[in-house]
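Observations on the three-dimensional arrangement
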Amino acid sequence: MIIAQSLVTEILTAFKFAERQSFTQIATIAKLNGAYLPKARTVLLYYLEDRNAFRFSCSTNTHKWVELSEIPKITGIFFDARNTTQYRFEANAQLIDHTTKMEYELYNSSWSMLRASLREQMWQEYLADPNEKYRIEEICPHHGTVILKPYYWDIFKLDTINFANSNRTQVILKDNLWQIFQDTPQIHPLDLLH
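Predicted model only: the values in this text are computed from it and were never measured.

Core analysis: the largest hydrophobic core is formed by 30 residues, its most contacted members being Phe15, Phe54, Leu148 and Trp153. Where this core is concerned, the elements lending two or more residues are helix H1 (8-15), strand E4 (53-59), helix H2 (63-70), strand E5 (73-80), strand E6 (85-96) and strand E7 (143-157). Membership of the second largest hydrophobic core comes to seven residues, among which are Trp111, Leu114, Met122 and Ile136.

Here is the structure:
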């Protein structure tokens, strides 16, 4: 499961997967001159019900892909403005590209779900020659998809009138079981992961 069963409906409703509007900020970790630096960007998440995981597409020719190749972990945040609720999560990442065996169906479907203009742009950058012909139905060799398996959630429901009435719930996957910690401190959450 992407989260404890009792919270699945809330997550799927908040992220609005049915309308494909789940633009989520994620951060990867880049190694640079001996330092580890967070690198944030926005991705469009999809929910893979059959895998109980999230997915997003990513060019294999980007810093994001390289960073995930070196450190396959992300942290993400989605803010549901309608309910003033912040969903933070941490997840393990699995990278799938044209060399990944046994994942052709997912690889193919993730390409076909990309907007046509994005597929065209990926091909144009791959070919580096505006006159060279390509078919956007064919998968660009730089196409990749990233599977995310969350292991930690921090759900913060903000009361915009009285901050003291805000509510934080932390959900942690330990030994393949989700543990739910409700009403954890609003400002200084318990450090439950370590």
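Having put the structure on the table, let's press on.
Our focus in this paragraph is H1. Turning to H1, its buried residues number three or more, namely Val8, Ile11, Ala14 and Phe15. Viewed along the axis of H1, the buried residues span an arc of 140 degrees, placing them on a single side of the element. Buried-residue contacts for H1 involve strand E1 (23-32), E4, E5, E6 and E7. Directly beyond the C-terminal end of H1, a positive phi value near 55 degrees is found at Lys16.

Before going further, it helps to spend a moment on the environment of Arg88. Among the secondary structure elements, Arg88 is positioned in strand E6. Between the C-alpha atom of Arg88 and that of Arg135, which follows or precedes it by 47 residues, the distance is 38 Å. Setting aside its immediate chain neighbours within four residues, Arg88 contacts Gly76, Ile77, Tyr152, Trp153, Asp154 and Arg168. A polar contact of 2.8 Å, which involves the side chain of Arg88, links it to the side chain of Asp154.

Turning next to the pattern of salt bridges. Opposite charge on two side chains makes pairing possible when the charged atoms of those side chains draw close. Enumeration over the complete set of coordinates arrives at eight salt bridges. Here Glu10 ties to Lys157 by a salt bridge, and the two come within 2.8 Å at their closest N and O atoms. Within this pair, whereas Glu10 is found in helix H1, its partner Lys157 is found in strand E7, the two being separated by 147 residues in sequence. Overall, the relative accessible area of 34% leaves Lys157 in the partly exposed class. Note that Arg41 and Glu67 form a salt bridge whose closest N and O atoms lie 3.4 Å from each other. Within this pair, whereas Arg41 is found in strand E2 (residues 35-44), its partner Glu67 is found in helix H2, the two being separated by 26 residues in sequence. Classification of Glu67 as buried rests on a relative accessible area of 7%. The network of salt bridges with common partners includes Arg88, Asp154 and Arg168.

Calculation criteria
- Throughout this document, residue positions are counted from 1 along each chain, in the order its sequence is written.
- Two thresholds apply to this predicted model, a pLDDT of at least 70 for residue-level local features and 80 or more for giving and counting side-chain atom pairs, whereas whole-chain, interface and lining totals are computed over all residues.
- Only hydrogens and water are set aside; all other atoms, that is, all heavy atoms of the structure, feed into the side-chain values.
- Among buried residues, those of type Ala, Val, Leu, Ile, Met, Phe, Trp, Tyr and Cys that are joined through side-chain atoms within 4.5 Å constitute a nonpolar core.
- Working definition: with a 1.4 Å probe on protein chains only, accessible area under 20% of the residue-type maximum means buried, over 50% means exposed, and in between means partly exposed.
- Secondary structure elements follow DSSP: runs of H or I of four or more residues count as helices, runs of E of two or more count as strands, with numbering from the N terminus.
- The directions from the helix axis to the C-beta atoms are what the arc is built from.
- We call two residues in contact whenever any of their non-hydrogen atoms come within 4.5 Å of each other.
- Distance and chemistry together define a polar contact, namely a pair of N or O atoms within 3.5 Å, with one atom able to donate a hydrogen and the other to accept it when in protein, and with adjacent residues in sequence counting only for side-chain atoms on both sides.
- A pairing counts as a salt bridge when a side-chain nitrogen of Lys or Arg comes within 4 Å of a carboxyl oxygen of Asp or Glu.

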